Amino acid sequence: MQNNSSAIRWVFAGGLLFSLVFFNEKLAINLVLFDLFILAALFLQYAEARQNAAVRWFALGHLTSLAMLVLHNTVLSGVACVVTLVLAMAYTLYLHRSPWFAGASGIGNFVMSPYLFFNRLFAKKMKERKKRKWTRIIRFAILPVMLLVFFFIIYSFGNNELNKFASNFFYHITHAMEWIINNFTWGRLWLLLLGLMVSSALLIKAGTGYFSRKDMAHEDDLKRKRISWAVRSHHPLYNLIQTFMGRLANGMMALKNENTTGLISLGLLNALLLLVNLLDVNYIWLNYDPSREIVMYKMVHEGTWVLIFSIVMAMIVVLFFFKGNLNFYKKNKLLKYGAYLWIIQNSFLVASVFMRDYYYIQRHGLAYKRLGVLFFLLMVVIGLISVIVKVNNRKTIYYLLRVNASAALVVLVLASTIHWDELIAGYNLARKDKLDLDVPFLLSLSDKTIPLLEKNIDFLQALENKAPAKMERDFYSAGSCGSCYVEQLKYKEKQFLKNQSAYSWLSWNYADSYVKRYLAYLPTSH
C-alpha cells in the first residue's frame, strides 16, 4: 500500500520521465522506458497485486503489445498498449473481475488525475510533517553552511588548486543553467504537466472505488428470486412484456405464458432464418457467379453490416427470453432447443457473410474494412458460443459481458502482432495480375510498405504509362499528379527520411529502421 510521500515521488519521477522521452518524438522505445517505469512503480507500491492472476495476464498482454509497438509501430499496437496498460493499472489499484468495470475505473482515474495529484501533494498530514522536517533541517544547517562558505572563500584565495577547482565548478554550474534556459520551451512545460497527470492517473488510487464495488456486487450464476408483484410491475422489461401479452403476463401462469410466447417467437424466427440460409446456400455457396460484380458490391458494402447487425439482434432476442426466472422453468426444454437452433442458424449466417467477404477479397484484394468484417465475425462467433453457455448453464448477463470483453482484449493483443498494412500490400501486390488493384490506396498505407512498393516499381510505372491522361498537379496531391504513381512513391520516401531525421534514438523501432536500411541501398532515395 502506498503512502502520500512515496506516491508523490513516483508521480514526479514519472512526469519528468514523460516530458524527457516524449518531447518531439513518436511512440517507440520511449514508451517502453515509460511503461516499464510505471509497471515497476505499480508493483513496488502494491506488492499484493503481483499475486493477482488477472494483473499478471494483463501485464503479459501489455508487454506483448509493447513489444509489437517496437517491432511494427502500428496504430493498432499503440491502441493495444494503452488499453492493456489502463486495465493492468485498474486491476492493480482496485478489485475487479470484469474488464468493463475495470475500464470504467481506469477512465475515472484519468478524469480525476488533477484532483488525485494535488490532493496527495497538499495532504494535510504530509504538509505538517514536511514543514516540521524542513524547519529542523534549515535551523541546523544555517550556521554550518555559513562557516563552510566563509572558509571556502578564504582557502580558495590561498590555494591555487582550490581556486581552479572552484572556477571549474561554477563554470559547469553556469553552463548547465544556460543549457536549461536555452532548451526550455512551453511545449516541454505542458508535456511535464501532462506527464504528471498521466502518472497520477496510473499510480494513485482514488479513495472511492465506486466501480470496484459495483463490479464485485455482480455474480456469474443466475439465482432464482421471488419478486413481488409491486416490484415487478415497475420493471421496464415487465412493462414491455405486459404491453404485448396483457393479462397473460400476470398471475401463477406468467412463466408458462412467457415460455409459450418464446416458443412461438423462436419458431417463426427460425423458419424465417431457414429461408434466408437456404437462399444463401443457393446463391453464395453453390451457385456463386463472379460476373455479378454489381450485385456482389452491394451485398458486401450494404448487406454485410445489416446481416451482422441482425446476428447481434438475434443474440439479444435469446437473452430477452432467457431472463430471470424463465431459466428455472422446468418445462423450458423446447424453448432451449429453439434457442440453440436459432444460434446454430445464425452461426451459418456468419459463415455466409464470411463467404461474401472472401469472394470480394478474391476480386479486389485486402483492405481495412474487409479485414474489419473478418474480425467482427470472429467476435460474433465468440458471442454466439457464449450465449449458448449462458442459456445452458444459467449464467447472468454480467457473465456474458465479462467473457466477451476478455475475448475482445485477447483478439486485440493478438491482432497487434501482425503488421496489417504490410500484409495488405504484400497480398495485393502478389496478386497484382489478378486483382483490380487500387494503387492510390496502396500508396496511402504506412511507411513499412515502401520496400514492397519499390520491389514492384516497374509494375507501377507500367500502370502509370497506361493511364489515359496525367492529372494536373495540385496542392492536395503533394506536388504530384494523381496517376504519377512512381513520383508519389518517391515523394513518400523523401517525406519518410525527412521525418526520421528529426527523431532521436528514443523513437527507434524496427519497422522504421528496416525501411531506412532498405532505402540506403537505393540510389533514388538520396
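The text that follows walks through the structure, step by step, so that each part is easy to find. (Residues numbered from 1 in each chain as written. Predicted model: local features only at pLDDT ≥ 70, side-chain atom pairs only at ≥ 80, totals over all residues. Heavy atoms only, no water.)

Overview of the layout of surface pockets
Part 1 of the reasoning: As a volume, the second largest pocket reaches approximately 710 Å³.
Part 2 of the reasoning: What lines the second largest pocket is a set of 31 residues, and nearest its centre among them are Thr74, Val75, Leu76, Trp420 and Asp421.
Part 3 of the reasoning: The set of elements that each furnish at least two residues to the lining of the second largest pocket consists of α4 (75-93), α16 (368-393), α17 (397-415), α18 (420-430), α22 (485-501) and α23 (510-520).
Part 4 of the reasoning: For the lining of the second largest pocket, the element with the most residues is α16, which contributes six residues.
Part 5 of the reasoning: Its residues assigned to classes, the lining of the second largest pocket shows 17 nonpolar, nine polar and five charged. (1 Å grid on protein atoms, 1.4 Å probe; cavity = no way out; pocket = protein on both sides within 12 Å on 5 of 7 lines; lining within 4 Å. Points joined across faces, edges and corners; volume = space filled by probe spheres on them. Helix = DSSP H or I, 4+ residues; strand = E, 2+ residues; numbered from the N terminus. Nonpolar A, V, L, I, M, F, W, Y, C, P; charged D, E, K, R; others polar.)

Quick look at α4
Part 1 of the reasoning: Here α4 spans 27 Å end to end across 19 residues, near enough to the 27 Å set by a 1.5 Å rise per residue.
Part 2 of the reasoning: Within α4, 14 of the 19 residues are buried, leaving the element largely enclosed by the surrounding structure. (Expected span 1.5 Å × (residues − 1). Buried < 20%, exposed > 50% of the residue type's maximum accessible area, 1.4 Å probe, protein only.)

Here we look at a nonpolar patch on the surface
Part 1 of the reasoning: Judged by side-chain polarity, Phe165, Phe169, Phe170 and Ile173 come together as a nonpolar surface patch covering roughly 430 Å² of accessible area.
Part 2 of the reasoning: Among the structural elements, isoleucine 173 can be located in helix α8 (residues 160-183).
Part 3 of the reasoning: Classification of isoleucine 173 as partly exposed rests on a relative accessible area of 43%. (Patch = residues over 30% accessible without salt bridge, like charges linked within 9 Å, V, L, I, M, F, W, Y side chains within 5 Å. Areas by Shrake-Rupley, 256 points an atom, 1.4 Å probe, with all protein chains shown as cover. Salt bridge = Lys/Arg side-chain N within 4 Å of Asp/Glu carboxyl O.)

A look at the pattern of salt bridges
Part 1 of the reasoning: Counted according to the given criterion, the structure contains eight salt bridges.
Part 2 of the reasoning: Across the pair aspartate 512 and lysine 26 runs a salt bridge whose closest N-O atoms are separated by 2.8 Å. Of this pair, aspartate 512 sits in helix α23 while lysine 26 sits in the loop between α1 (4-22) and α2 (29-45), placing them 486 residues apart in sequence.
Part 3 of the reasoning: Taking the relative accessible area as the measure of exposure, aspartate 512 reaches 7% and is therefore buried.
Part 4 of the reasoning: For glutamate 454, the salt bridge is made with lysine 490, and the minimal N-O distance between the two is 2.6 Å. Remark: lysine 490 occurs in helix α22 and glutamate 454 occurs in helix α20 (residues 450-455); sequence separation between them is 36 residues.

Side note on the packing of α2 against α4
Part 1 of the reasoning: Look at α2 against α4: their axes get within 11 Å of each other, and the N-to-C directions meet at 10°. Classed by the angle they form, the pair α2 and α4 counts as roughly parallel. Only Cys81, Leu85, Met89, Thr92 and Leu93 of α4 make contact with α2, whose side of the interface consists of Leu31, Asp35, Ile38, Leu39, Leu42 and Phe43.
Part 2 of the reasoning: When the residues that make up the contact of α2 with α4 are grouped by side-chain class, the tally is nine nonpolar, one polar and one charged. (Axes fitted to C-alpha atoms, helices over the stretch in contact; angles between N-to-C directions. Parallel < 35°, antiparallel > 145°, perpendicular 65-115°, else oblique. Contact = heavy atoms within 4.5 Å.)

Re the nonpolar core
Part 1 of the reasoning: Phe22, Phe34, Ile38, Leu42 and Leu202 are the most contacted members of the largest nonpolar core, which totals 45 residues.
Part 2 of the reasoning: Within the residue set of this core, elements represented by two or more residues are α1, α2, α3 (53-71), α4, α6 (113-121) and α9 (186-203).
Part 3 of the reasoning: Ignoring sequence-local partners within four residues, the contact set of isoleucine 38 consists of Leu85, Leu202 and Leu203.
Part 4 of the reasoning: Residues Leu307, Met315, Ile343 and Leu377 belong to the second largest nonpolar core, which totals 29 residues. (Core = buried A, V, L, I, M, F, W, Y, C linked by side-chain atoms within 4.5 Å.)

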